[in-house]
Amino acid sequence: MHTGLLAVNLAVPIAIGAGVLALAAFLYGIFRKFTRVSWLSWQTLLVFATTLLLGFFPVPSGAWGGFAVAAALLAGTSAVVLILGGIVRHAMLARVRPAPLFFRFLSRLLGGLTALLNLVVFLVVLAAPVLAALPLFGVQPAPLDVLYQNPVWTEFLGPHALDLLLSAVCLVMMRAGYRIGLARSVWTVFTIALGVGALVLSGFMAVNVPFLADFAQSIAGGLPATLGAGAGVLGTVIVAAICFAVMLIVIILVTLLINLLVKKLKGNFVLGVIDGVLMAVVFTALFFVIGCGVDLGVHYLAENASSFPEGAAEMIGSVARNLEALFTSSPLSGMLYDYNPVLLLLV
């Protein structure tokens, strides 16, 4: 009785909050228009729809055949969907202006609907795997019985929850790689390395460069005597901080210059596409590497839980086996798990 009343009491504020959020998303889409709002929800649904055809593709013989088919289907479809989306968006933005009133109204309406769909798909992508995992871990709240008994969940969404998540994450990774670009990514890593190097070099110079060491001693001499030996350390830290600040200003100026050059590179359509495609390939490969690593870790824990200390072995084994069941609960996710090339190399 109390559980039912609690569910009813919570349902009202949740429904109000969801309605406000949906209205905000719809208004945002109307303001942005269809040509400017993200199409990620439509693209995710298209890629997910192709994963439903996985059973119709023949799996080549060999240990890695299943992984090759699943990865090629997921990555290939994501690439095609993103390319077509880019072409369509470019064509719509390049249309003759001003557009007729009907098309302007349609663009606003579709923008609002797409923004609302983006919100719904985002929530479903995150919630569906969690809802699929709860029963596997022995957690099934009574208010969710309506969902778990619904044919839409039992026959469709539940058995494909992980595939929906993989479709969305693969798309996001590939899209992020293209938008960032190889040149900017390489320079970002190099900038971080320069920052770390500048920090180390500043400390080295503050101790080993004679005039900087003397400057540090002068600063230490002006500090309160109560600091004792700490005054010398503080003086050295201050000098190192000054050196680092100077180097950081130089790094920032160089970074701004490089960013201008990268923008020029992006301004050239051919070079910009090549730069984006290269990084999209890198990010997509990273997606599969991370996935293989997670699958390998879960498999290792499931198979070797008994080697852990007695108190933790049962808990680790149970969690790993439940995760294994979750990862194999969807067709595409199951193929990527069962035909993990890293695992096959180690067996």
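Relevant structure appears above.
Note that the structure is predicted; figures quoted are calculated from it, not measured. (Residues numbered from 1 in each chain as written. Predicted model: local features only at pLDDT ≥ 70, side-chain atom pairs only at ≥ 80, totals over all residues. Heavy atoms only, no water.)

Peer 1: What is the right way to read unusual backbone geometry from this model?
Peer 2: Its identity as a non-glycine residue notwithstanding, lysine 33 has a phi of 75°, on the positive side. Examined against the element boundaries, lysine 33 turns out to sit in the loop between α1 (2-32) and α2 (40-51). (Helix = DSSP H or I, 4+ residues; strand = E, 2+ residues; numbered from the N terminus.)

Peer 1: What is the right way to read the environment of alanine 305 from this model?
Peer 2: For alanine 305, the location among the structural elements is in the loop between α11 (269-304) and α12 (310-327). With relative accessibility at 6%, the residue alanine 305 sits in the buried group. Taking C-alpha positions, alanine 305 is 6.1 Å from isoleucine 316, a pair spaced 11 residues apart along the chain. (Buried < 20%, exposed > 50% of the residue type's maximum accessible area, 1.4 Å probe, protein only.)

Peer 1: Would you explain the nonpolar core in this entry?
Peer 2: Note that soluble globular proteins tend to have their nonpolar side chains buried in a common cluster. Formed by 25 residues in total, the largest nonpolar core has its most connected members in Leu74, Phe287, Phe288, Leu332 and Leu336. The element that contributes the greatest number of residues to this core is helix α3 (residues 65-93), accounting for nine residues. The contact partners of leucine 74, leaving out residues within four places of it in the chain, are Val47, Leu166, Ser167, Cys170, Phe287, Phe288 and Leu332. Grouped together as the second largest cluster of nonpolar side chains are 12 residues, Tyr148, Trp153, Val298 and Leu326 included. (Core = buried A, V, L, I, M, F, W, Y, C linked by side-chain atoms within 4.5 Å. Contact = heavy atoms within 4.5 Å.)

Peer 1: Sorry, what's going on with the layout of surface pockets here?
Peer 2: To find leftover empty space, a probe the size of one water molecule is rolled over the atoms. Volume-wise, the second largest pocket comes out at about 400 Å³. Sorting elements by how many residues they give to the lining of the second largest pocket places α11 first, with seven residues. Residue composition of the lining of the second largest pocket, grouped by class: 14 nonpolar, two polar and one charged. (1 Å grid on protein atoms, 1.4 Å probe; cavity = no way out; pocket = protein on both sides within 12 Å on 5 of 7 lines; lining within 4 Å. Points joined across faces, edges and corners; volume = space filled by probe spheres on them. Nonpolar A, V, L, I, M, F, W, Y, C, P; charged D, E, K, R; others polar.)

Peer 1: Where do I start with the packing of α2 against helix α4 (residues 101-136) in this structure?
Peer 2: Packed helices, taken two at a time, are described by the angle their axes make and the gap between the axes. One way to put it is that α2 packs onto α4 with a least axis distance of 8 Å and a crossing angle of 55°. Classified by the angle their axes make, α2 and α4 are oblique. On α4, the residues that touch Leu40, Ser41, Trp42, Thr44 and Leu45 of α2 are Thr114, Leu117, Asn118 and Val121. Classifying every residue of the contact of α2 with α4 gives five nonpolar, four polar and no charged. (Axes fitted to C-alpha atoms, helices over the stretch in contact; angles between N-to-C directions. Parallel < 35°, antiparallel > 145°, perpendicular 65-115°, else oblique.)

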